[in-house]
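Structural features, examined
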Amino acid sequence: MSEATPTVWQTAITTLQQRIKPHNFDMWLRPIRCASISGSEIKLCAPNRYIKEWFEDNYLAIVLQELQTQTDLDYQVVFDLEEEASSPVAPVIEIETPVKKETDISFDRGHRYLFDSFVAGPSNQLAHAAATAVAEGGHSAKYNPLFICGGAGLGKTHLLYAIGHEIHKNQPHLRIMYLSSEHFMNDYIKHVRAFKMEAFRSTYRDQCDVLLMDDIQFIAGKTGTQEEFFHTFNALHDADRQIVVTSDKYPQEIPELEDRLRTRFQWGLIADIQAPELETRIAILKAKAEKEQIRLPDDVALFVATQIRSNVRELEGALIRLAALSSLKRVEISMELAKETLLNSVGKNSPGLTIDTIQKEVCTYFSLKVTDLRGSKRHKAVTRPRQIAMYLSRKLTSSSFPEIGNRFGGKDHSTVISACRKIEGLVENDLSIRTAVETLERHLQL
Ligand code: ADP
Ligand code: MG
C-alpha cells in the first residue's frame, strides 16, 4: 500500500496543476506534503497553519475529489503542521444535515462563518440586515424565501451559514439543513436510481425546519431536479418553514430556470450583495487579521485593499498569503513583503480589468483618443502612452503578447514585447514615466 502512496498523490496533484493558476498552485498546493496513505486515511502535512487552513478551505475538496476519481475511495484526512502554532481553533457547531458524512467539506469550513465575523458595509447592508432578521425569526418566516444574490466571493455562503448558526444557537430544536443545490441534485439522482424517492422526499420535506440552499443557479436546466426542488419548496413554504437561497444572479437573470421557481423566489425578499467599497475592504482585512492574530500595519492594509477590489475571498487570500510568507521567512509583514508577494501574483489576477479599461484610462491621463492608441501614428506623444498601455495590459491582465497586439489595432507580438521592455527600463530611470505608470496603476486598481 505505502509503495503506491506517493504515486496516487502525485498524480492527483499533477492533474490539478493544470487547473489552478500557477502562483496559487505554488503557494497553496506545492507546500502540502503527503506523509502516507493507509487504507482510506491520508496523512498530510503543511508548513504552517495559514497554508493548512487556506488549503483546507479552498483546495482540499478538489484534491479529495481527484483522489476519489483515481481510487474510488473516500479519504479521511489527518493533517499535521511542520511548525506547531498554538492558536486555538473555534469549536464546530453541528448543524443537522443529511450530507455531513460526504466529502463536501463546506460544512466543516462553515464553523468560521458567523455574523460576528461578517463585516457589514454599504455593499452588503440589505443582505446582512435581511439575514439577521431571518436568523432572529427562525421559525416564523418573515422574508420567505430570502434570496441572496451576488458575484463570487462576496459573502453569500458566509451569510447562509451565519443564519444557520444563529438559528441553531437560539432554537436548538429546529432541524436546519445546509446544502448546495449541486448536492441536492446528486442526492436526488442517487435516490431516483435506488428507487428510494420516498426517503428522499421525507428527508427534505418532513425532516427539515430551515432549508439553506447554496448556489441555486446550478439547478437551472436540470429538469428533474428543478421539479423536485419545486415540490420541496412548496411543502416547506406551506408549512411556514424558513427557506434561504443564494445565487450568483438575480432570479430573472438565471437562464433556464423554470418560471414557476422564478416566481416563487420573488415571493419573499431578494437581497443583493455588491463588491465592497475601499473602506469595507480595509475593515474586512483588519477584522480578519485581528481574528487570526496577524500583525497588519495600516499602510499594508490600504495597499492590499487597493490591489484587490472585487472579491473578498481573494482579499482574504492575499492576507493569508502574506501571513504564510512572513511566517516562513520569519519577517514581519511590511510594505516590502506586500509588494513583493502581491504585485506579481495579484496584479495579473485583477478580475474584471480589461485592456479596454486600461486603454481608456491611459487616454484620459495623456489626453488622447483611444483610436490614436490603437492606430499606427508614430510620434512620441502617441507612442509612449501606447507603450505604457501595452505594458499595463501585460502586467494587470492575463492577456498574452499576441492578444494585446490584437487589441492595439493588430500589432505584432514583438512590438508588444519591446514596448514592455522599454517601459520596464523607463520606470527604473525616468521619473515622469514612473509617476505616470504608478498613478495609472493606482487608478486602475481602485
Ligand atoms: P460567496 O459564497 O459569495 O462566493 P463566500 O461567502 O464564500 O462568498 O465568501 C468568501 C470569503 O470572503 C469567505 O471566507 C468569507 O468569510 C469572506 N467574506 C465575504 N464577505 C465578507 C464580509 N462582509 N465580512 C467578512 N468576511 C467576508
Ligand atoms: Mg458560495
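Everything below is about the structure printed above this text.
In this report, we go over the structure that sits alongside the text. Just so you know, these numbers come straight off a predicted model, no measurement behind them.

**Description of the packing of aromatic side chains**
All chains considered together, the criterion is met by 15 aromatic pairs. Relative to Trp54, the ring of Trp28 lies with its centre 5.7 Å away and its plane at 40 degrees, an arrangement referred to as tilted. Linking Trp28 in helix 2 (residues 22-29) with Trp54 in helix 3 (residues 49-58), this pair joins segments that are 26 residues apart in sequence. Accessibility expressed as a relative area gives 2% for Trp28, which makes it buried. On the basis of relative accessibility, which here comes to 10%, the residue Trp54 falls in the buried class. Seen from their ring centres, Phe147 and Phe265 are 5.2 Å apart, and the 45 degrees between their planes marks the pair as tilted. With a gap of 118 residues between them, Phe147 in strand 4 (residues 146-150) and Phe265 in helix 11 (residues 259-265) connect regions that are remote in the sequence. The residues Phe147 and Phe265 share a single accessibility class, namely buried. Over the ring of Phe218 we find Lys222; its NZ or CZ atom is 4.1 Å from the centre of that ring. Over the face of the ring belonging to Phe230 we find Arg260, whose NZ or CZ atom lies 3.8 Å from the ring centre.

**Focus: helix 9 (residues 197-206)**
Residues of helix 9 that are buried include every one of Met197, Phe200, Thr203 and Tyr204, and no others. Down the axis of helix 9, the smallest arc covering the buried residues is 125 degrees, so these residues share one side. The outward face of helix 9, more than 90 degrees from its buried face, is lined by the exposed residues Glu198 and Asp206. Residues of helix 9 that are buried in the fold lie against strand 5 (176-180), helix 8 (181-193) and helix 10 (223-238).

**Notes on the environment of Ile423**
Examined against the element boundaries, Ile423 turns out to sit in helix 20 (residues 413-429). The class of Ile423 is buried, set by a relative accessible area of 0%. Residues Ile423 and Ala389, 34 residues apart in the sequence, show an inter-C-alpha distance of 9.8 Å. The contacts of Ile423, once residues within four sequence positions are left out, are Arg384, Gln387, Ile388, Tyr391 and Val437.

**Examining the site of ligand 1**
In the vicinity of ligand 1 there are 18 residues, among which Gly153, Thr157, His158, Arg313 and Glu316 approach most closely. Gly153 is positioned such that a nitrogen or oxygen atom in its backbone is 2.7 Å from an oxygen atom of ligand 1. Looking at the shell around ligand 1, the elements that each hand over two or more residues are helix 7 (156-170) and helix 14 (312-329). A per-class count over the shell around ligand 1 returns seven nonpolar, seven polar and four charged. A domain split of the shell around ligand 1 shows at least three residues from each of domain 2 (100-273) and domain 3 (278-342).

**Some details on the sheet that holds strand 4**
Strand order across the open sheet formed by five strands is 5-6-7-4-8, with parallel pairing between neighbours. The outermost strands of the open sheet, each flanked by one partner alone, are strand 5 and strand 8 (269-273). For this sheet, the mean angle separating the axes of adjacent strands, direction not counted, is 15 degrees. Sheet topology places strand 4 next to strand 7 (residues 242-247); four bridges connect them, and they run parallel. In the strand pairing of strand 7, Leu146 is matched with Val244. The sheet contacts of helix 6 (residues 125-137) involve strand 4, strand 7 and strand 8, and relative to strand 8 the element is tilted by about 135 degrees. Helix 7 contacts strand 4, strand 5, strand 6 (210-214), strand 7 and strand 8 of the sheet and is inclined by roughly 165 degrees relative to strand 6.

**Re the packing of helix 20 against helix 21 (residues 431-444)**
Contact pair helix 20 / helix 21: the axes reach a minimum separation of 6 Å and the direction vectors enclose 110 degrees. In this view, helix 20 runs roughly perpendicular relative to helix 21, as classed from their interaxial angle. Counting all contacts with helix 20, which are made through Ile423, Leu426, Val427, Glu428 and Asn429, the residues of helix 21 involved are Leu431, Ile433, Arg434 and Val437.

**Structural notes on the packing of helix 16 (residues 355-366) against helix 18 (residues 380-396)**
Look at helix 16 against helix 18: their axes get within 9 Å of each other, and the N-to-C directions meet at 145 degrees. Considering only the axes of helix 16 and helix 18, their crossing is right-handed. Together, Ile355, Ile358, Val362 and Phe366 of helix 16 and Pro385, Ile388, Ala389, Leu392, Ser393 and Leu396 of helix 18 make up the contact between the two elements. Here the residues of the contact of helix 16 with helix 18 sort into nine nonpolar, one polar and no charged.

**Some remarks on the nonpolar core**
If you look at the biggest cluster of nonpolar residues, it comprises 80 residues, and the most contacted ones within it are Trp9, Leu29, Phe55, Ile163 and Val304. The element that contributes the greatest number of residues to this core is helix 14, accounting for nine residues. Apart from the residues lying within four places of it in its own chain, the contact partners of Phe55 are Trp9, Trp28, Leu29, Ile32, Leu44, Leu60, Val63 and Phe79. Counting residues in each nonpolar core, the second largest holds 27 residues, with Leu353, Ile358, Leu368 and Leu396 among its members.

Thresholds applied
Residues numbered from 1 in each chain as written. Chains lettered and ligands numbered in written order. Predicted model: local features only at pLDDT ≥ 70, side-chain atom pairs only at ≥ 80, totals over all residues. Heavy atoms only, no water. Phe/Tyr/Trp six-rings, centres within 6.5 Å; stacked < 30°, edge-to-face > 60°. Helix = DSSP H or I, 4+ residues; strand = E, 2+ residues; numbered from the N terminus. Buried < 20%, exposed > 50% of the residue type's maximum accessible area, 1.4 Å probe, protein only. Lys NZ or Arg CZ within 6 Å of the ring centre and 35° of its normal. Arc of directions from axis to C-beta. Contact = heavy atoms within 4.5 Å. Near = heavy atom within 4 Å. Polar contact = N/O pair within 3.5 Å; in protein donor to acceptor, adjacent residues only side chain to side chain. Nonpolar A, V, L, I, M, F, W, Y, C, P; charged D, E, K, R; others polar. Domains from an automatic or database assignment. Pairing = 2+ DSSP bridges. Axes fitted to C-alpha atoms, helices over the stretch in contact; angles between N-to-C directions. Parallel < 35°, antiparallel > 145°, perpendicular 65-115°, else oblique. Left-handed = near helix turned anticlockwise from the far one by under 90°. Core = buried A, V, L, I, M, F, W, Y, C linked by side-chain atoms within 4.5 Å.

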